[in-house]
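Residues per chain, in single letters:
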Amino acid sequence: MSASWGLRQGSDGAGVARTPRLAKALAKGWDFRRGPRKVPAGGSGVPQGPARLRHRGKGVNWHESVFELIDMRSFSNLWYWIALAVLWSSASHYVLGVPFDMVARARRLGGQAAADLEDLVRVNVNRQLHIARVAGMWAVAIASCLVTLLAVLGFAYRVEFCQALLLLVLPMALLSVMRIRTARRIAGEAAQGETLWRMLARHRLWTQALGILSIFVTATWGMYMNLNYGVLGGG
């Protein structure tokens, strides 16, 4: 093919044009392996078709592709609602760090199952009370600053990401207070047996009630924000 177009081999093995017609074709963007590259009328020199896609792909950042694939707005993002469901499902299942199926098994079987439950509850109660005594003031101060910051950014400056985080963080902060209160009651009364089971079941009931309220508020506000941005055209 090189001979038919008037190419001769140079010292480095590359094809060198020896006719004016071939030199003009090369200047227009001919590629003798893939065919001609079409140049727009303006003469910008940017290839068209698949070659243009390859040319444009060099300047696309990876995070732009990710943001186009996944909607990064919080309330319209499926992953946010999956995280909300997983968060409250885990909080309801683990009562003071103890899986609630152990409570049901201790009630049904007693004996060693009840002893294992009491040991695990004692370990978790002592751990949470120790953390509250050692770092309780710092935890309250940091949580208060975080909640205040999210509330101001979310509802004063209308940052949707901060609104979504606040609707996750604030209920969990209330749940932490409930856990410390229940742990103190269990440690103060040295609860065992049926009394311990009732305390754990009551704590789980209040956790589920808080979770239902939190999910309802989050879903209501999320639907309002999606309608505001999508249908009403707010911003």
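Residues numbered from 1 in each chain as written. Predicted model: local features only at pLDDT ≥ 70, side-chain atom pairs only at ≥ 80, totals over all residues. Heavy atoms only, no water.

Let us now look at the overall build of the protein chain. The secondary structure content of the protein chain amounts to eight helices and six strands. Along its sequence from the N terminus, the protein chain presents helices and strands in the succession β-β-α-β-β-α-α-α-β-β-α-α-α-α. Evaluated residue by residue, the protein chain yields a buried proportion of 28% over its 235 residues. Counting only contacts in the protein chain whose residues sit at least 6 apart along the sequence, the fraction spanning at least 24 positions is 57%. On the protein chain, roughly 15,700 Å² of surface is accessible, and the fraction owed to carbon and sulfur atoms is 64%. (Helix = DSSP H or I, 4+ residues; strand = E, 2+ residues; numbered from the N terminus. Buried < 20%, exposed > 50% of the residue type's maximum accessible area, 1.4 Å probe, protein only. Contact = heavy atoms within 4.5 Å. Areas by Shrake-Rupley, 256 points an atom, 1.4 Å probe, with all protein chains shown as cover.)

Using the criterion set out here, one finds three salt bridges in the structure. In this structure, Arg105 engages Asp101 in a salt bridge whose closest nitrogen and oxygen atoms are separated by 3.5 Å. Taken as a pair, Arg105 and Asp101 lie in helix α5 (residues 100-109) at a separation of four residues, close to a single helical turn. A relative accessible area of 31% means that Arg105 is categorised as partly exposed. Classification of Asp101 as partly exposed rests on a relative accessible area of 37%. The closest approach of N and O atoms between Arg185 and Glu189, which form a salt bridge, is 4.0 Å. (Salt bridge = Lys/Arg side-chain N within 4 Å of Asp/Glu carboxyl O.)

The next point concerns the packing of helix α6 (residues 112-156) against helix α7 (residues 160-189). Where α6 contacts α7, the two axes come as close as 9 Å, and the packing angle between them is 155°. The angle between the axes of α6 and α7 places the two elements in the roughly antiparallel class. Considering how the two elements wind past one another, α6 and α7 form a crossing that is left-handed. Between α6 and α7, the residues in contact are Val121, Val125, Gln128, Leu129, Ala132, Leu146, Val147, Leu150, Ala151, Leu153, Gly154 and Phe155 and Cys162, Gln163, Leu165, Leu166, Val169, Leu170, Arg179, Ile180, Ala183, Arg184, Ile186 and Ala187, respectively. A breakdown of the residues in the contact of α6 with α7 according to their chemical character gives 19 nonpolar, three polar and two charged. (Axes fitted to C-alpha atoms, helices over the stretch in contact; angles between N-to-C directions. Parallel < 35°, antiparallel > 145°, perpendicular 65-115°, else oblique. Left-handed = near helix turned anticlockwise from the far one by under 90°. Nonpolar A, V, L, I, M, F, W, Y, C, P; charged D, E, K, R; others polar.)

Secondary-structure assignment places Thr182 in helix α7. Looking at Thr182, its side chain comes within polar contact range of the side chain of His203, at 3.0 Å. (Polar contact = N/O pair within 3.5 Å; in protein donor to acceptor, adjacent residues only side chain to side chain.)

One finds Leu117, Val121, Val125, Ile186, Leu196, Trp197 and Leu200 to be the most contacted residues of the largest nonpolar core, which totals 19 residues. Elements supplying a minimum of two residues to this core: α5, α6, α7 and α8 (193-230). Looking at which element gives the most residues to this core, the answer is α6, with five residues. Not counting residues within four places of it along the chain, the set of residues in contact with Ile186 comprises Leu96, Val121, Val125, Ala191, Leu196, Met199 and Leu200. Among the nonpolar cores identified, the runner-up in size contains 11 residues, and Phe75, Leu84, Trp88 and Met225 belong to it. (Core = buried A, V, L, I, M, F, W, Y, C linked by side-chain atoms within 4.5 Å.)

It is worth spelling out the packing of α5 against α6 at this point. Contact geometry of α5 with α6 gives a least axis separation of 8 Å together with a crossing angle of 145°. The two elements α5 and α6 meet at a crossing, and its hand is left-handed. On the side of α5, the interface is formed by Met102, Val103, Arg105, Ala106 and Leu109, while α6 contributes Ala113, Ala114, Asp116, Leu117 and Leu120. When the residues that make up the contact of α5 with α6 are grouped by side-chain class, the tally is eight nonpolar, no polar and two charged.

Now for α7. Taking 1.5 Å of rise per residue, the 30 residues of α7 would be expected to cover 44 Å, and the 44 Å separating its terminal C-alpha atoms lies within 8% of that figure. Regarding α7, the residues found buried are Glu160, Cys162, Gln163, Ala164, Leu166, Leu167, Leu168, Pro171, Leu175, Thr182, Ala183 and Ile186. Directly beyond the C-terminal end of α7, a positive phi value near 50° is found at Ala190. (Expected span 1.5 Å × (residues − 1).)

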